[in-house]
Amino acid sequence: MGRHHLVVVPHTHWDREWYGTHEQFRYRLVQLLDRLLDLLERDSAYAHFTLDGQVVVLEDYFEVRPAARERVAVLVRTGRLLIGPWFVLPDEWLVSGEALIRNLRLGLDIATALGGSMRLGYVPDQFGHVGQLPQIFAGFGFDSAVLWRGVGDDVDETLFEWEAPDGTRLFAVYLLRGYGNAANLPLQRDALERRLGAEIRALEGRSRIQSLLLMNGSDHLEPQADLPAALEAAAAGIGVSFEIGDLPGFVSRARAEVEGELTVHRGEFRSGLRAPLLPGCASARAPQKRADFENDRLLTRYLEPLAAWLEALGGDPDPAVIQLAWRTALLNHPHDSICGCSIDAVHEHMESRFRRVAELAGSHLARVARELGGRVELPDDGPGEGLVVWNPNAGGFAQAEGELELDVPLRRRGPLALHLRGDGGRRIPVHAELVEPGAILAQYSLPASAVAVLVEGFPREFTGQFVRAVRLRRRRGAAHPDESAAPALQVELLLGEQPAADFDLDAAKAELLRELEASDGPATFRVRRLPRVRVRFADDLPGHGVRAYRVAKGRGARAAADLVAQRSPDGGALIANETWRVEVASDGRVGCWHAPTGRAVADALRLVSDGDRGDAYNFDPVPGGERLDRPERVRVRLGPRSGAEVSAVVNARYRVPAELSADRASRSSRRVWLPVRVTLRLAAGLDRLDVSVEAHNTARDHRFRVELAAPFAASRFEVESAFEIVDRPIAPAADAFGAERPAEFPIGATPQRSFSTLIGDRCAMTVANRGCPEVEALPQPGGTTALALTVLRAVGWLSRDDLALRPGHAGPAIRTPGGQVPGAHRVELSWRLHAPDDPFRLAEAHRFAWPAWAFAGGCSTPAPLADRARLLELEDPAVVVSAVEPRPGSPPVVRLFNASSQARRVQLRWNGPGASRLEAVDLAGRAAPLPGLEAGGDGAVQVPLRAWQLVGLRPR
């Protein structure tokens, strides 16, 4: 057995919520920590305890035991209690790279205030690991990591080096036998000797050092109070030394003992060879993934950069509100939460958190946009309300979207007759549709003197609505009306959810009162809530900048000649723009032709329901299961047409099996209707086909996907991950993990962020999405390839032990009827064909995923920001501005990401505060050297970027 040294690390792995709710687990946590603090304070031999690498458990504890904060701080400062670095232990695939950064930073801040954090990347139970995690850890000053799941057959030792795509390397410890290899140690000497001996034999063949790591803990386990004495006796009996240690201490010993070069693993960990990867979590409870995507986009793409710009102009960004929104969002990011693999009650609580983030960040964004919009100069002094567009992406011709409260005439059908007027009198077509019709909140016919009293006393805010405008109409030809005639004067107050930045209510009231005082007849007093209108239009937008317009009534702008929408004689439809021609047959089949590539797809889009006998963790196909990909009832129509876009709508009803059969070996014979609406949309000037799929799920135990066919055979399949674009397998073989019987068999379905790409010899197809986190590349019978994106996966069990693709349970066997996700689902996709080396692939995908945002605003007088003003200037479409982040008490941070495999040197000009000089900072916000960072002309800097490198910059 040799002279080994055992580093025994007492710990608990604490799932904040999983098979119990947060409060149920908190109750147990309080009992555990009460006993732990007593144990550490009374027994110096129990030298260390590791609190799972996440500080949220202490925050939860302090809410119940606020007086215990100093006791904890003393133990942390003396190294007895190891905490941090994370705020919560997140899943890495289903949250953004920025969320991982904010999570670590918050965790480190809390841990530092309590006395200090573990300075290593501890990821014990995440379901695999993103490739950029070493660079993220290094950005906080870590030089090592400890991990378990996802390791494949290229790593067969407990120590290795982990390299990120940018070349950053960490010393890594592989928990070969999991984070609980020494859990529940027997305290009787003979039994403990046998257990230790067995663990030593299991580890020594995979370890080149004498020190061995024994993780004494597991899910929700309490400390073993008598462990030090029991270990002392057993270690002497088998001739080994030991210590009650911690992970940083083991890493230091391992570094000192290891000799020779270690295996280097580059990139992500996605193998189920030795531990299940649990990939079905990417599609479990799909609506919650979409909610998180939308909240992340709200925070990082709209609120934070606009708040930073407002600060540059002397406004208050109030970063504390943003931090609270982030903190709330992060509470949904633990792997058992965002992965959808908890009990129904947990996910019900998550819904509340998602809403809280949206409400808090949305309210703050409305205020920031209102104040910033008031500082943007409108193109001229003509009529029409102001509209401002913020583009969070690279510059170019792109679509903007938003919702406005407008005083517009209403129509029952079709888009509203509006257009935009831009610089130089340009008339821009806009697609505008009614979202909410508005309402009359109050209406009275009174003497003018009584109406004057109502007007004078009317508040600026009324039941959560703000006075946006005042209208006075005098009926022409009115003499002395009798009671049956309409009053000569009509006074109308228009209310909206947000106050108008350039509206002076006091002045409007004064003018109105003068008119009323001059009248002695009756008058109508009306209070009306403004209609809400959704607008979409395309224009040339500056990167990370604004454009200003006025909203004008009437179409005003001629539709593009190539914008076509026609009904077909057979009941189908045809839509086209400059680059796409889309034909929808009466049976719902979609055919596409793309002019720039000359490619055609005869059966381009299918919706597919296939049986799923899996659980929250894993999709598991029904043997010989029925695949349904054709609707039984179809109605095709044209959507509302405008000068900006055309669309075709397919209303279909699928007849699908209601659930699994009683023996779970097939799909049931009972059928239910599953209604679906597919909208295909083409915009003038945009080389893409936008697709929305709305389904009302009525079935159980199935997976519902949209398949988009490529007109070629793909040789490569790439997906966007956290700060990386990675290759994933197409139709992996059963032994792709390197063994005939792995811990879990591979599947082709894989997580993605905002897009995935199929690449052929001369053509590529990219499908961007807005919160659709699972995709698969599927070989087709004709030799081509398709992308299948999951709309929903309906399963009714947390875990089962009878799956074909995963032997054994992954969690407790609990029914979760909420996991069947009944009701409404919606996914939004954008489909492009392009050259395999298209330099704008990333930029175009992000323009769809994070569209430019249109909001009410603008100033008729000279203002600080002109049309086309830019917060920052960066012209390389392969370099992504990942964050423009206002920071409390310090200048904002701009974070860049080189999303390519080539080193780049880019010029950046920051037009915010402190523009004269920028310094490089790490992910914690500390000054960090960046060789090659040079000042350029006119306030710009030259920024060197390695392939896939993240760089932070801050004004000095």
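Described below are features of the structure shown in this document.

Rules used in this analysis
- Residues numbered from 1 in each chain as written.
- Predicted model: local features only at pLDDT ≥ 70, side-chain atom pairs only at ≥ 80, totals over all residues.
- Heavy atoms only, no water.
- Helix = DSSP H or I, 4+ residues; strand = E, 2+ residues; numbered from the N terminus.
- Expected span 1.5 Å × (residues − 1).
- Buried < 20%, exposed > 50% of the residue type's maximum accessible area, 1.4 Å probe, protein only.
- Contact = heavy atoms within 4.5 Å.
- Axes fitted to C-alpha atoms, helices over the stretch in contact; angles between N-to-C directions.
- Parallel < 35°, antiparallel > 145°, perpendicular 65-115°, else oblique.
- Left-handed = near helix turned anticlockwise from the far one by under 90°.
- Nonpolar A, V, L, I, M, F, W, Y, C, P; charged D, E, K, R; others polar.
- Salt bridge = Lys/Arg side-chain N within 4 Å of Asp/Glu carboxyl O.
- Pairing = 2+ DSSP bridges.
- Phe/Tyr/Trp six-rings, centres within 6.5 Å; stacked < 30°, edge-to-face > 60°.
- Lys NZ or Arg CZ within 6 Å of the ring centre and 35° of its normal.

## Section: helix H4 (residues 97–113)
- With 17 residues, H4 should reach 24 Å at 1.5 Å per residue; the first-to-last C-alpha distance of 25 Å fits that figure.
- Among the 17 residues of H4, 14 are classified as buried, and the element is accordingly described as predominantly covered.
- Looking one or two residues past H4, Gly-115 carries a phi angle of roughly 125 degrees, positive in sign.

## A closer look at the side chain of His-13
- On the secondary structure map, His-13 appears in the loop between strand E1 (5–10) and helix H1 (22–42).
- For His-13, a relative accessible area of 0% puts it in the buried group.
- With sequence-adjacent residues up to four places away left out, His-13 is seen in contact with Asp-52, Leu-89, Pro-124, Asp-125, Tyr-179, Ser-218, Asp-219, His-220 and His-335.

## Describing the packing of helix H9 (residues 286–312) against helix H12 (residues 344–373)
- Two elements in contact, H9 and H12, have axes whose closest approach is 9 Å; the angle formed by their N-to-C orientations is 25 degrees. One element, H9, and the other, H12, form an angle in the roughly parallel class. Both H9 and H12 take part in a crossing whose hand is left-handed.
- Residues that form the contact of H9 with H12 fall into these classes: 17 nonpolar, five polar and four charged.

## Description of the pattern of salt bridges
- In this structure the tally under the stated criterion is 92 salt bridges.
- A salt bridge links Asp-380 to Arg-550, with the nearest nitrogen and oxygen atoms 3.4 Å apart. With Asp-380 in the loop between H12 and strand E11 (385–391) and Arg-550 in strand E22 (residues 545–553), this residue pair connects regions lying 170 residues apart in the sequence.
- The exposure class of Arg-550 is buried, given its relative accessible area of 4%.
- Salt-bridge contacts for Arg-606 lead to Asp-629; the nearest nitrogen and oxygen are separated by 2.7 Å.

## As for the sheet that holds strand E25 (residues 580–584)
- The strand order across the open sheet formed by five strands is E23-E24-E25-E26-E27, and the pairing between neighbours is antiparallel. The open sheet has two edge strands with one neighbour each: strand E23 (564–567) and strand E27 (599–601). If you compare each strand with its neighbour and ignore which way they point, the axes differ by 10 degrees on average.
- Bridge count for strand E26 (residues 590–594) against E27 is three bridges, and the pairing is antiparallel. Of the residues in E27, the one forming a bridge with His-594 is Arg-599.

## Some words on the packing of aromatic side chains
- On inspection of all chains with the given rule, the structure shows 20 aromatic pairs.
- Clustering of aromatic rings is evident, with ring pairs tying together Trp-14, Trp-18, Tyr-19 and Phe-25.
- The cationic tip of Arg-270 hangs over the ring face of Trp-93; the distance from NZ or CZ to the ring centre is 4.7 Å.
- Across from the ring centre of Phe-619, 3.7 Å away, lies the NZ or CZ of Arg-703, which sits over that ring.

## Some remarks on the side chain of Arg-367
- Relative to the helices and strands, Arg-367 is located in helix H12.
- Classification of Arg-367 by relative accessible area gives buried; the value is 16%.
- In this structure Arg-367 touches Leu-310, Asp-316, Pro-317 and Asp-318, once residues within four positions along its chain are discounted.

## Details of the pairing of strand E18 (residues 465–474)
- Sheet topology note: the strand E17 (residues 461–462)/E18 ladder contains two bridges and is antiparallel. Bridging from a neighbouring strand, Phe-462 pairs with Gln-465 of E18.
- Count of turn residues in the E17/E18 antiparallel hairpin: two residues, of which Thr-463 carries a positive phi of about 50 degrees.
- Here E18 pairs with strand E19 (residues 489–496) via eight bridges, running antiparallel. The residue of E19 that forms the bridge with Phe-466 is Gly-496.

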